[in-house]
Amino acid sequence: MVVEDLVVSYGDLRAVDHASFNAAHGEVTVILGPNGAGKTSTIEVCEGFRTATSGNVSVSGLHPLRDHAALTRKMGVMLQGGGVYPSSRVGEVVGLYVDLYDKGASADELIDRVGLGHRRSHTWKQLSGGEQQRLSLALALAAVPEVAFLDEPTAGVDVSGRQDIRRIVTDLATTGCAVVLATHELDEAERLADRIVIFHQGRVVANGTLAELRAGNDGLRFTSSPELDDTELARHLNAQVTRGPEGRFVVAADPTPSLVARLSQWLADHSLPLNDLRTSETLEAIFQRIVDSTGDGQ
Amino acid sequence: MKPWRAQTAAELHLLVRNGEQLLLTMGIPVLLLVFFSVVDVLPTGEGDTIDFLLPGVLAIALMSTAMVSLGIATGFERSYGVLKRLGATPLGRPRLIAAKLACVVVVQVVQFVVLAVIAALLGWSASGLNVIALLSGFIFGTASFVGIGLFLAGTLRGEINLAAQNGLYLLMLLLSGMIIDADSMPSGLNSLATALPSGALATIMRTATGHSTSGIAAPTMVLIAWSAMALVLAGRTFSWSPSDSKR
């Protein structure tokens, strides 16, 4: 999927502002950003639900609007709001979508795969929020898709449900499908993404693999007491130590076991706590750093 | 054909399961027919009451299904995102509409058969049946009311659409001579009745069921005009999701 210089405006509001990125087959591309960042508008243009103000979008070599009929045969869609009639039963609605796509998927297998085997005869309105998300995912899978658009797939889903959905999404990419997943949940993105596209105020502010987004920002990260003397610690470790908010510190050095040992010893000698020790930057930290660097961080 | 068949079956399934829709499409017409043929409170003109009631109730049944039932269901499907979701499948929007139309036609055929059987039990004779008038009323009446129903469903939000469809239904029921003889209404209302699709349909149905021998050309023209107007309007204004830009 190729998105080039995409602009989506609603009257005076520019929801998507010259966004460009690619999504490849066999990969999970996570579109990340806070609510209102332009994720859903971008995905809806790619699905052919929304008209772009300007720019080019190509999905599996097809134009989402002009070639919509052909695209529907290749595309699986999971809408944010579900899109199922409240009195539809699980078995019926999955059966219907299997017949609509007619690509050999089995309704029973799909229902079992998303963990709704015990809810076959329940209606949409009888399902919990997490179960509704599972059903929506089953409808997307009924397409046996080449490209799947999943909008907030884990919203409202419990811990075990999230694990199931993660497994299904990863399996989907393994079959060669290009999975495009929009979320504002950073830990979800970190676990799933092969590639991350960060949206902020309608613009793509970062685009790459997690490793690429972390590049140049290696170091040992930890949380301790705000009383910690970072100048003395830097002298002891022979490395630059940066103080962050709420007792967070970054040691700008290769996070080797030896460095970790020296840090631990120094903290112990000074009776200071050691928490949240990490040898890489979290996606949350990456996101904050990138948003801050745009000069209009929230 | 498989996606269309699957969607038509799903539409019929949902309709049968939906108690309010069944009440609207089957319960109310049957109740009106039986109640007013047994309790003589309506000005029904000369002749047997059942001969007057049947064509009007057939017109009501057709209006209930093609406009109100279809319109309300479609309006809520639009609100729930069902139409948007189906729009992303190979079913496509033309086949979705075709499935809805097929469902409407199936329900109307069942309605007509049930009402005709009940009317026959109440003394109506099918000897004066005019098939051409019946088909004309069925086809152009369906087209008119489907157009009106989809126009409202495709432009108004779910609850407002519900109120508008029911309000219009009641208005047409009372003002078009379907169950109250139009000749007994004030002259202004009488003229209005002939210009409404419900009034035109009731007139055609009277000829169709043998209650009247008047020509159907004028009311058929009224229905054709309403069909064209409503379907064009629906086609131009329908949005598939309340938050959608038109595709």
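All of the points below concern the structure found in this document. For clarity, every value in this text was computed on a predicted model and none was experimentally measured.

## What to know about the pairing of strand E7 (residues 178-183) of chain A
Residues and elements named next belong to chain A.
- Of all six residues making up E7, six are buried, and the element is well covered by its neighbours.
- Because side chains alternate across E7, one face comprises the buried residues Ala-178, Val-180 and Ala-182, and the other comprises Val-179, Leu-181 and Thr-183, equally buried.
- Bridge analysis of strand E3 (residues 28-32) against E7 gives five bridges, and the strand direction is parallel. Bridge pairing in E7 places Thr-29 opposite Val-180.
- Inspection of the sheet shows strand E6 (residues 147-151) paired to E7 by five bridges, in the parallel sense. Pairing of Asp-151 across the sheet is with Ala-182, part of E7.
- In the classification by handedness, the crossover that spans E6, the intervening helix H6 (residues 159-174) and the parallel E7 is right-handed.

## What about empty space enclosed by the protein?
All names here are of chain B.
- Scanning all chains against the criterion turns up one cavity of 30 Å³ or more.
- Counted as a void, the largest cavity has a volume near 170 Å³.
- In terms of lining residues, the largest cavity is bounded by 15 residues, among which Glu-11, Leu-15, Gln-21, Ala-73 and Cys-103 are the most central.
- Residue assignment for the lining of the largest cavity shows that the elements contributing at least two residues are helix H1 (2-17), helix H3 (49-80) and helix H5 (92-121).
- Looking at which element gives the most residues to the lining of the largest cavity, the answer is H3, with five residues.
- Along the lines of polarity and charge, the residues of the lining of the largest cavity split into eight nonpolar, four polar and three charged.

## Details of the packing of aromatic side chains
- This structure, assessed with the given rule, holds six aromatic pairs over all chains.
- Arranged with centres 5.5 Å apart and planes meeting at 20°, the rings of Phe-222 of chain A and Phe-249 of chain A form a pair that is stacked. Within this pair, whereas Phe-222 of chain A is found in strand E10 (residues 220-223), its partner Phe-249 of chain A is found in strand E12 (residues 248-252), the two being separated by 27 residues in sequence. For the pair Phe-222 of chain A and Phe-249 of chain A, a shared accessibility class is recorded, and that class is buried.
- For the ring pair Phe-112 of chain B and Phe-138 of chain B, a centre distance of 5.4 Å and an interplane angle of 85° mean the geometry is edge-to-face. Highlighted residues: Phe-112 of chain B in helix H5 and Phe-138 of chain B in helix H6 (residues 131-155), separated in sequence by 26 residues. Summarising the burial analysis for this pair, Phe-112 of chain B and Phe-138 of chain B share the class buried.
- In this arrangement the basic side chain of Lys-84 of chain B is found over the ring face of Phe-49 of chain A, its NZ or CZ atom lying 5.4 Å from the centre.

## As for the side chain of Ser-225 of chain A
All names here are of chain A.
- Following the sequence through the fold, Ser-225 ends up in the loop between E10 and helix H9 (230-237).
- Within the local environment of Ser-225, its side chain forms a polar contact with the backbone nitrogen of Glu-227, the two atoms lying 3.0 Å apart.
- Discounting chain neighbours no more than four positions away, the residues touching Ser-225 are Phe-249, Leu-272 and Pro-273.

## As for the packing of H3 of chain B against helix H9 (residues 197-208) of chain B
All names here are of chain B.
- Viewed as axis vectors pointing N to C, H3 and H9 meet at an angle of 135°, and their least axial separation amounts to 8 Å. For the element pair H3 / H9, the angle class is oblique. Like other packed secondary-structure pairs, H3 and H9 cross with a definite hand, here right-handed. Where H3 approaches H9, its residues Phe-52, Pro-55, Leu-58, Ala-59, Leu-62 and Met-63 are matched on the opposing element by Ser-198, Leu-201, Ala-202, Met-205 and Arg-206.

## Observations regarding the layout of surface pockets
Residue and element names in this part refer to chain A.
- A volume near 750 Å³ is recorded for the largest pocket.
- Elements that contribute at least two residues to the lining of the largest pocket include exactly E10, strand E11 (240-243), E12, strand E13 (275-278) and helix H11 (283-293).
- Ranked by residue count, the leading element in the lining of the largest pocket is H11, at five residues.

## Focus on the packing of helix H3 (residues 90-101) of chain A against helix H5 (residues 129-141) of chain A
All names here are of chain A.
- Between H3 and H5, the shortest axis-to-axis distance is 9 Å and the interhelical angle comes to 20°. Between H3 and H5, the angle is such that the two are roughly parallel. For H3 against H5, the interelement crossing comes out right-handed. Contacts between H3 and H5 pair Val-90, Val-93, Val-94, Tyr-97 and Tyr-101 from the former with Leu-135, Ala-138 and Leu-139 from the latter.
- Across the contact of H3 with H5, the residue classes tally to eight nonpolar, no polar and no charged.

Here is what the cut-offs are and how they apply
- Residues numbered from 1 in each chain as written.
- Chains lettered and ligands numbered in written order.
- Predicted model: local features only at pLDDT ≥ 70, side-chain atom pairs only at ≥ 80, totals over all residues.
- Heavy atoms only, no water.
- Buried < 20%, exposed > 50% of the residue type's maximum accessible area, 1.4 Å probe, protein only.
- Helix = DSSP H or I, 4+ residues; strand = E, 2+ residues; numbered from the N terminus.
- Pairing = 2+ DSSP bridges.
- Right-handed = clockwise from strand over helix to strand, strands pointing away.
- 1 Å grid on protein atoms, 1.4 Å probe; cavity = no way out; pocket = protein on both sides within 12 Å on 5 of 7 lines; lining within 4 Å.
- Points joined across faces, edges and corners; volume = space filled by probe spheres on them.
- Nonpolar A, V, L, I, M, F, W, Y, C, P; charged D, E, K, R; others polar.
- Phe/Tyr/Trp six-rings, centres within 6.5 Å; stacked < 30°, edge-to-face > 60°.
- Lys NZ or Arg CZ within 6 Å of the ring centre and 35° of its normal.
- Polar contact = N/O pair within 3.5 Å; in protein donor to acceptor, adjacent residues only side chain to side chain.
- Contact = heavy atoms within 4.5 Å.
- Axes fitted to C-alpha atoms, helices over the stretch in contact; angles between N-to-C directions.
- Parallel < 35°, antiparallel > 145°, perpendicular 65-115°, else oblique.
- Left-handed = near helix turned anticlockwise from the far one by under 90°.

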